[in-house]
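Chain and residue survey
In case you want the letters, here they are:
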Amino acid sequence: MRKYILMAVLYGAALSVQAQFKVVVEAPNVDLTTYETFTVIKGEVITPEDEQKVNEEELFQRMKNAIATELESKGYRYVKDSTAQLIVSYVTGSFKQTNSENLGPLGEAPASTAADVDQSRSWSRDFREGILEIEVSSHAKKELWKVSGTLTSDTSDPKIIDNSVYKALRKFPSRNRKKKK
């Protein structure tokens, strides 16, 4: 049993390490901790329809739950209606990528036979790369804060969504710190 728990913890840690996020917009002279409530609206999914592994409504529910969990832990309160002071939206998706490289003659390795001398070596790797962008704006639609990042995996896995949202919102200002002063 311990082995399975350890594997689950390591899997979660590996997923969160793969995501890299950067705050790309932070409104100057705006104290986000003065806002108390937020709501999450349905974002945009840019994965091609023929490659989507989850329907957009399920993804919205997962994103809404993950965002609400993180912001509530920072002292903000989720509301379902238009009375929210902050509006949180997202753009997410994944797409296929291929890396390839021609290593040149011999592929930087010694030839084992004379026929190998003129042989070119190359490699390629197919993988999925995901993106996630979370935007926080005021009720007046003014963009206040935005974070953007890439994932080296598909964004339809619930654990990847939770870990990515956690990592993306890590630098979002906490109201809890303000209360402690």
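Quick look at the structure, then.

1. Notes on the overall build of the protein chain
- Looking only at helices and strands, one finds four helices and seven strands in the protein chain.
- Start at the N end of the protein chain and walk to the C end: the helices and strands fall as α-β-β-β-α-β-β-β-β-α-α.
- A sequence separation of at least 24 residues applies to 77% of the contacts in the protein chain between residues at least 6 apart.
- With the model as given, the accessible surface of the protein chain reaches about 11,300 Å², and the carbon-plus-sulfur share is 51%.

2. Remarks on the side chain of Ser174
- Here Ser174 lies in the loop between helix H3 (158-168) and helix H4 (175-180).
- Separated by 3.4 Å, the side chain of Ser174 and the backbone oxygen of Lys74 make a polar contact.
- Here Asn176 takes part through its backbone nitrogen, which lies 3.2 Å from a polar atom of the side chain of Ser174.

3. A look at unusual backbone geometry
- The phi torsion at Asn29 lies on the positive side, around 60°, for a residue other than glycine.
- In this structure Asn29 comes out as exposed when scored by relative accessible area, which is 85%.
- With phi around 70°, Lys141 is a residue other than glycine that occupies positive phi space.
- Residue placement: Lys141 occurs in the loop between strand S6 (120-138) and strand S7 (143-151).
- Given the relative accessible area of 64%, Lys141 is considered exposed.

Rules of the game
- Residues numbered from 1 in each chain as written.
- Predicted model: local features only at pLDDT ≥ 70, side-chain atom pairs only at ≥ 80, totals over all residues.
- Heavy atoms only, no water.
- Helix = DSSP H or I, 4+ residues; strand = E, 2+ residues; numbered from the N terminus.
- Contact = heavy atoms within 4.5 Å.
- Areas by Shrake-Rupley, 256 points an atom, 1.4 Å probe, with all protein chains shown as cover.
- Polar contact = N/O pair within 3.5 Å; in protein donor to acceptor, adjacent residues only side chain to side chain.
- Buried < 20%, exposed > 50% of the residue type's maximum accessible area, 1.4 Å probe, protein only.

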